There are 2 protein chains.
Amino acid sequence: MSKKNQTHVVDNLWCIEENRFNQDTNKHFEGLFTQGNGYMHVRGSFEEGLRGAAQDEEYMRMPANVTLEQPRHTKSKWGTFIPGIVGKHPLLKEEIINLPYFLGIDLIIADEELNMEASTIREYKRWLDLRDGCLYRSLIWETEQGIDLKLCYKRFVSMEEKHLCLQQVQIEVLSGEGILDIRCGINPEVRTNGFNHFKEVLTEDNNSEYICTKTITDGGNSVLMLSGISASENICWSRLTQNQRIFFSGSRLLKAGDCLEIQKVTSVVTDRDLEEGTLIERGEKYLKYFFKEGWEKIYERHSRAWDSKWLYSDIEITGDDEAQLAIRTYIYHLIRANSENDSRVAICAKGYAGEAYFGHYFWDTEINMLPFFIHTNPQAARNLLMYRYNTLEGARKNALENGYEGAKYAWEASVTGEEQCPCWQYADHEIHITADIIYAMYHYVNSTEDIAFVRNFGVDMMVETARYWVQRVDRNKDGYYELLGVMGPDEYLPITRNNAFTNRMVKFSLEKTADLLQKIKQEDAKGYLEIENRLGLKELEIEKIKEVAEKLILPYDENTDIVPQSEDFESYADVDFNAIWKDRTKPFGNFISQEKNYRSKALKQADVLELMLLYPDDFTREQLTNAYDYYEPITTHDSSLSASVHGIVAAWMGRMPEAEKFLKKVMDIDMSEEKKGAAEGIHIANCGGLWQMIVYGFAGLKSAMWCDEIQLAPHLPDKWTKLEFTLAWHGKRYRITVTKEKHEITELY
Amino acid sequence: MSKKNQTHVVDNLWCIEENRFNQDTNKHFEGLFTQGNGYMHVRGSFEEGLRGAAQDEEYMRMPANVTLEQPRHTKSKWGTFIPGIVGKHPLLKEEIINLPYFLGIDLIIADEELNMEASTIREYKRWLDLRDGCLYRSLIWETEQGIDLKLCYKRFVSMEEKHLCLQQVQIEVLSGEGILDIRCGINPEVRTNGFNHFKEVLTEDNNSEYICTKTITDGGNSVLMLSGISASENICWSRLTQNQRIFFSGSRLLKAGDCLEIQKVTSVVTDRDLEEGTLIERGEKYLKYFFKEGWEKIYERHSRAWDSKWLYSDIEITGDDEAQLAIRTYIYHLIRANSENDSRVAICAKGYAGEAYFGHYFWDTEINMLPFFIHTNPQAARNLLMYRYNTLEGARKNALENGYEGAKYAWEASVTGEEQCPCWQYADHEIHITADIIYAMYHYVNSTEDIAFVRNFGVDMMVETARYWVQRVDRNKDGYYELLGVMGPDEYLPITRNNAFTNRMVKFSLEKTADLLQKIKQEDAKGYLEIENRLGLKELEIEKIKEVAEKLILPYDENTDIVPQSEDFESYADVDFNAIWKDRTKPFGNFISQEKNYRSKALKQADVLELMLLYPDDFTREQLTNAYDYYEPITTHDSSLSASVHGIVAAWMGRMPEAEKFLKKVMDIDMSEEKKGAAEGIHIANCGGLWQMIVYGFAGLKSAMWCDEIQLAPHLPDKWTKLEFTLAWHGKRYRITVTKEKHEITELY
């Protein structure tokens with residue numbers, strides 16, 4: 001038995017806690033308590049599920065604006081995700097598949113079933129320990145027959161043995177007696193967004209030591225789940241099936257004072273794993289490993305793996321426990337969601353903690369999350385960029401699909417890199433992502449000095465995307481290049497002309513490409529020849545890239561000193577926000593038709609401010625202030641990518657009350673029990689946003705993109721007395737300590 | 001036996017003919033040969049169908065640009081449509097339901113089945129007689145066993161007894177002998193766009209004189225089909241079912257020289273019919289009527305009904321047989337498709353001759369088809385406008401759905417008037433339809449002097465749509481009103497600013513509304529009070545309507561004297577048509593991505609020219625010429641609404657070779673066997689377009705909207721020596737005769 005469990009004290013700087021069960025917030029906690037290790041992820045659902053919350057309802061989910069959608073499942077949605085295991089939805093394109101639920105442990109005593117909604121429960125507490133990703137639940141269950149049981153659940157998805165999930169439940173009889181029935185199973189009655197992606201579910205029955213479910217997906221993958229079980233007292237287990245479910249069933253008479261501990265271990269392997277051996281061999285291997293080593297050893301290794309993650313990732317805030325817990329929660333999810341050993345996948349928009357956004361990858365990965373990895377785990381950052389390199393072929397197909405040569409990165413990508421966004425206005429027009437990726441790569445390279453990455457991989461991405469851009473631009477009468485038909489970061493204006501953010505990103509990308517090619521040509525004739533051969537590169541192309549880079553319009557209004565979001569921004573209609581936005585606790589988009597929204601000056605999210613955040617040296621302080629003062633009042637922050645950007649800019653300007661308001665907003669997005677933001681998954685970009693807000697905003701770190709030395713210009717929130725974190729920077733690690741009075745930068749090694 | 005059939009001579013000025021069976025063009029002729037009577041419509045499919053052309057394939061048809069879609073069924077698609085019988089498709093919204101196929105007659109002799117693809121056929125001919133809408137097929141079938149049969153089919157959907165369809169087949173044995181098996185049935189194995197709208201199909205079996213299929217649709221309707229059968233020789237019929245099919249089966253030994261005639265009559269009734277009696281009572285009544293009266297009498301009444309339609313609808317062209325047949329074909333479909341006695345429905349975009357466009361109603365009805373009805377059958381025109389009045393409640397819902405008061409007519413409407421367009425770019429932005437309807441109503445009223453229509457019905461539509469408009473406009477800095485976020489008639493620019501066509505239409509609509517209200521107020525205080533009460537009208541509203549009408553921007557470029565399609569038109573990219581449009585026999589849209597198309601100056605169809613057609617007095621001849629010369633070269637005519645408009649303008653300018661080129665284009669749209677344009681249904685708006693081209697273009701009739709007296713300014717095509725037609729005008733009928741030398745207008749009564 002785990003001693004840690006018995007002696008556990010909930011540390012409010014390291015644990016997110018739920019103190020009473022509430023049907024309304026259950027889904028939120030399922031999302032918030034998601035556990036994972038990069039390889040697989042499980043939502044924080046109860047072992048026994050919730051009565052009446054069917055997980056296999058089939059319906060046709062329509063493409064829509066996800067931000068404004070009313071989610072279908074109100075009480076509970078299980079989630080078992082393996083990045084890369086995707087299937088084709090008829091409307092939503094390729095989506096991550098919600099796999100069979102292997103966490104099931106049902107308890108029945110004297111014919112009464114544990115049911116969080118109906119049972120009499122007291123001293124309920126559930127918490128996720130962020131240090132080691134262990135999820136706990138403790139409660140006292142008073143049955144109608146007068147039997148009182150104290151239950152303590154613990155579970156973790158091993159950070160070290162990526163294929164293992166360990167669960168335990170301790171049952172202590174406080175009073176009464178009765179026969180306890182236990183069912184521990186695997187349940188394939190799960191649908192993803194109402195769709196059945198399981199072509200076949202096989203229950204293999206050739207070994208009595210475990211139960212086994214093999215799922216063949218419509219994406220062609222095989223996923224094998226094996227569960228084994230052990231108990232502290234002698235229980236005779238039988239293996240049963242019910243429809244497609246399979247489970248161990250056992251029972252034992254319990255009397256007052258009895259203690260029983262059940263352990264369930266599940267190994268999950270797929271045909272996508274980069275390992276040798278058949279599924280069954282590998283699945284059994286991990287299971288046997290558990291039974292050989294035992295809970296404690298597995299836990300120790302898991303715990304150490306988490307420690308090593310936290311070593312360079314943690315941010316310590318003194319004076320603001322709420323912010324302390326929030327940043328640790330967000331960092332926890334960033335670490336968990338990242339598959340650092342598999343560059344065939346990236347981090348999806350919901351951090352593999354829900355079905356919303358279909359497991360797709362957006363620009364968020366590069367722009368919102370990557371800086372965290374660059375400065376805490378450069379290898380992981382590299383891996384995320386490698387995902388883009390690995391899906392270059394898909395990007396080529398996207399370009400071709402749109403009638404262009406070269407490569408166009410998908411607005412929403414999955415395993416192939418081909419466009420998965422089901423709504424054309426985003427897929428066709430949010431083209432900035434293609435340049436964002438090049439920007440992000442340089443951010444990584446400038447921070448790490450990993451020049452080889454550009455030479456070995458980046459150059460292909462750069463040349464191919466540049467090829468796309470030189471065809472995507474239109475030349476106007478004055479000989480300048482324009483980008484027409486563009487949606488910038490602000491998704492409430494679908495088709496604009498010369499979006500400032502997009503054009504600047506493209507200009508950067510083309511300049512870097514032309515410079516790089518020229519440099520390689522000068523320095524490495526052989527290398528250049530290889531590139532020429534590999535990519536069929538022509539000298540004329542480089543000239544064209546240069547020309548477009550030079551002559552691409554960057555909109556700017558001299559009269560007002562305001563950078564317009566797009567050249568035609570002024571032509572959109574002003575919005576009477578007070579008249580329309582009746583309830584500001586709900587998204588603005590719920591109060592306006594898309595039609596009206598699309599012709600109005602109401603921003604979903606930071607657009608020009610995002611530009612200024614990424615190119616701080618391009619703009620004067622006045623321009624920054626002007627932009628903030630102009631755009632903030634017309635920005636709805638309906639997107640979770642918005643608040644952190646505004647918070648950073650507010651901090652830069654020293655407007656701390658505003659910065660703190662945005663800090664609160666950023667924290668509330670997934671932390672607020674009232675807002676229930678994590679119900680459909682974690683807003684993982686906003687997690688990176690909070691990290692950036694603290695590091696770039698409050699510590700005032702100048703982006704490694706634009707300087708070689710660490711430069712800080714801190715503006716701490718009022719009650720923060722100290723801020724500490726570690727930065728990976730040019731191959732070294734630095735400890736940053738910021739107080740109101742001063743800041744220190746200490747080299748660690 | 002029908003004598004007419006035996007003696008029929010195919011009149012090439014009145015009959016469209018198919019001289020050989022060709023699998024590739026079969027679907028085209030199915031559409032072109034569609035028969036109907038306003039109440040019901042059947043495509044021109046073979047009685048026995050085509051082998052391997054399954055009609056019940058289920059698949060998910062996606063919302064898309066219908067113009068560019070590749071149709072699913074290549075060989076054959078049956079079509080049985082009753083306007084108003086619609087059901088909900090999960091993606092395409094409410095669509096007309098393709099009902100059970102009641103035309104089935106299968107012939108099998110000596111175990112060999114008649115099969116147009118596999119059988120040996122000679123002397124094949126099929127033709128539709130436009131005078132009476134009878135469809136004929138005659139052929140000689142040489143079986144492998146050496147039996148030669150001459151087959152003559154005839155069928156019509158009665159124009160007088162709207163619930164009856166009569167079919168006959170004459171079988172003459174030329175040589176050989178064998179047992180002929182005949183199967184005449186009703187087949188519910190039909191899906192609409194891959195979707196099953198049949199909730200239940202019941203085969204009622206309480207009478208042995210007919211077969212019966214009752215279909216309960218997912219739209220909640222009941223459709224009853226009864227088929228009876230008779231033969232010229234004694235045949236013992238048995239009634240059989242096979243899955244959901246039901247049929248009469250009979251056989252008879254035939255020898256050389258034998259003649260057999262089979263007649264099949266089907267009555268179709270629904271719970272939507274405005275008649276008393278149960279379905280079965282009514283269904284039986286019509287069937288009995290047939291058996292009592294017999295083929296000849298029913299045919300005579302049908303034929304006379306058609307004669308009366310043609311009396312005032314025909315256009316006679318001397319010197320151009322191709323044009324003569326084309327205009328008659330197009331008029332035939334306009335007459336057939338119009339449900340003149342049921343103002344709960346209108347004319348759908350494919351003229352109830354195919355599943356494409358889902359049976360939805362567009363602006364085409366008012367702008368492209370209505371003029372034909374105004375001048376040939378004013379009652380039918382009035383009825384079409386009544387449909388809009390009857391669906392005002394749906395239009396109110398559309399406005400509300402978009403956040404406005406008042407009424408917004410759906411871009412695609414069905415029985416309720418609620419928006420049925422599954423693609424938001426059209427539904428949200430092609431708002432001109434709401435004003436087009438008011439324009440069309442005035443066109444009708446100015447032509448017919450039916451002022452009462454405006455006072456009784458129009459005023460509600462006008463006030464409610466005006467209410468929508470005053471909220472839909474945005475006021476700019478200079479105090480002028482704008483319409484932002486608009487798609488004009490040209491559907492290749494989705495979201496433009498101040499579309500000239502739309503703004504002019506709205507201005508017209510608002511001016512008329514303000515004028516009307518003022519006039520009623522002055523002339524009819526009591527009537528005005530009623531309107532005030534009924535619509536909750538406020539004096540201030542009228543002021544606002546006036547103000548918006550006055551200050552709504554009409555874009556115009558003084559420097560070039562060109563009316564820009566929209567205020568921002570110049571900002572779109574120029575298109576290198578030669579580089580992109582590799583094969584001009586296919587739509588331009590097939591060669592460019594939607595993304596590129598949406599930011600380019602490539603018009604799908606007439607936009608400014610359509611404006612000039614509808615408001616001829618607003619523009620100088622120079623402006624007309626400038627517009628034509630500017631827009632025509634950048635117009636792809638991918639829409640079937642485009643060529644006729646260009647043809648009219650070309651004729652107005654006296655550019656006859658160009659006008660004739662467009663004439664050819666307009667005729668080819670559904671007449672060309674090579675283009676197979678009618679495969680998915682009739683381009684019914686283009687039918688009205690040809691009528692307009694002849695009447696407004698070649699005869700040069702000035703629109704009754706803008707003048708009280710008939711004014712002509714003819715420009716006949718080169719080979720046309722005479723053009724004659726009849727016009728309803730201000731309550732009278734006039735015969736128009738145009739020759740190269742002169743034109744005459746003769747009052748008929």
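Definitions and cut-offs
- Throughout this document, residue positions are counted from 1 along each chain, in the order its sequence is written.
- Starting at A for chains and at 1 for ligands, labels are handed out in the order in which the entities are written.
- The predicted origin of the model limits local features to residues at a pLDDT of at least 70 and limits the giving and counting of side-chain atom pairs to 80 or more, whereas totals for whole chains, interfaces and linings rest on all residues.
- Only hydrogens and water are set aside; all other atoms, that is, all heavy atoms of the structure, feed into the side-chain values.
- A residue counts toward the fit only if its pLDDT is at least 70 in both copies, and the copies are then superposed by least squares on the C-alpha atoms of those residues.
- Whether two residues are in contact is decided by their heavy atoms: any pair within 4.5 Å suffices.
- UniProt positions are given in the numbering used here, feature names are shortened, and annotations may be inferred rather than shown by experiment.
- Each helix corresponds to a stretch of at least 4 residues labelled H or I by DSSP, and each strand to a stretch of at least 2 residues labelled E; elements are numbered beginning at the N terminus.
- The cut-offs for exposure are 20% and 50% of the maximum accessible area for each residue type, with area from a 1.4 Å probe on protein chains only; residues under the lower value are buried, those over the upper are exposed, and the others partly exposed.
- A carboxyl oxygen of Asp or Glu within 4 Å of a side-chain nitrogen of Lys or Arg is what we treat as a salt bridge.
- Two strands qualify as a pair provided DSSP detects at least 2 bridges between them.

Some points on the relation of the copies chain B and chain A
Between the two copies of this chain, the relationship is a rotation about some axis together with a displacement along it.
Consideration 1: Here chain B sits on chain A after a turn of 180 degrees about the axis and a move of 0.1 Å along it, with an RMSD of 0.0 Å. Such a combination of turn and shift is consistent with a two-fold rotation axis. Looking at the rotation axis and the C-alpha trace of chain B, the residue lying nearest is Ile495(B), at 3.8 Å.
Consideration 2: By residue overlap, the copies meet face to face through one surface: 100% of the interface positions of chain B are interface positions in chain A.

With respect to the UniProt feature "active site" (unreviewed entry) in chain A
Residue and element names in this part refer to chain A.
Consideration 1: Within this numbering scheme, the UniProt entry marks Glu491 as carrying the feature "active site" (unreviewed entry).
Consideration 2: With respect to the helices, strands and loops of the structure, Glu491 is situated in the loop between β22 (481-482) and α12 (500-523).
Consideration 3: Once residues lying within four places of it in the same chain are set aside, the contact partners of Glu491 are Trp411, Tyr426, Glu430, Tyr598, Lys604 and Gln605.

Overview of unusual backbone geometry
Residues and elements named next belong to chain B.
Consideration 1: Of note in this structure, Asn243 is not a glycine but carries a positive phi near 50 degrees.
Consideration 2: The topology assignment puts Asn243 in the loop between β17 (238-242) and β18 (245-254).
Consideration 3: Accessibility expressed as a relative area gives 69% for Asn243, which makes it exposed.
Consideration 4: Backbone geometry at Phe358 places phi at a positive 60 degrees, although glycine is not the residue there.
Consideration 5: Its location among the elements puts Phe358 in the loop between α4 (321-337) and α5 (364-376).

Observations concerning the pattern of salt bridges
Pairing is possible between side chains of opposite charge, provided their charged atoms come close.
Consideration 1: Under the criterion given, the structure shown has 116 salt bridges over all chains.
Consideration 2: Taken together, the shared-partner salt bridges in this structure form one network comprising Glu393(A), Arg396(A), Glu464(A), Arg467(A) and Glu541(A).

Regarding helix α18 (residues 643-652) of chain B
All names here are of chain B.
Consideration 1: Across the ten residues of α18, ten count as buried, placing the element largely inside the fold.
Consideration 2: Taken as a whole, α18 has its buried residues at Ala643, Ser644, Val645, His646, Gly647, Ile648, Val649, Ala650, Ala651 and Trp652.
Consideration 3: Check the buried side of α18 and you find it contacts α16 (608-614), α17 (621-631), α19 (656-671) and α20 (684-698).
Consideration 4: One or two positions beyond α18, positive phi appears at Gly654, with a value near 75 degrees.

Structural notes on the pairing of strand β25 (residues 743-747) of chain B
The two faces of a sheet get side chains in turn, since along a regular strand they alternate between them.
Residue and element names in this part refer to chain B.
Consideration 1: Pairing geometry for strand β24 (residues 732-739) and β25, over five bridges, is antiparallel. Bridging from a neighbouring strand, Thr737 pairs with Glu744 of β25.
Consideration 2: Counted between consecutive antiparallel strands, the loop separating β24 from β25 contains three residues.

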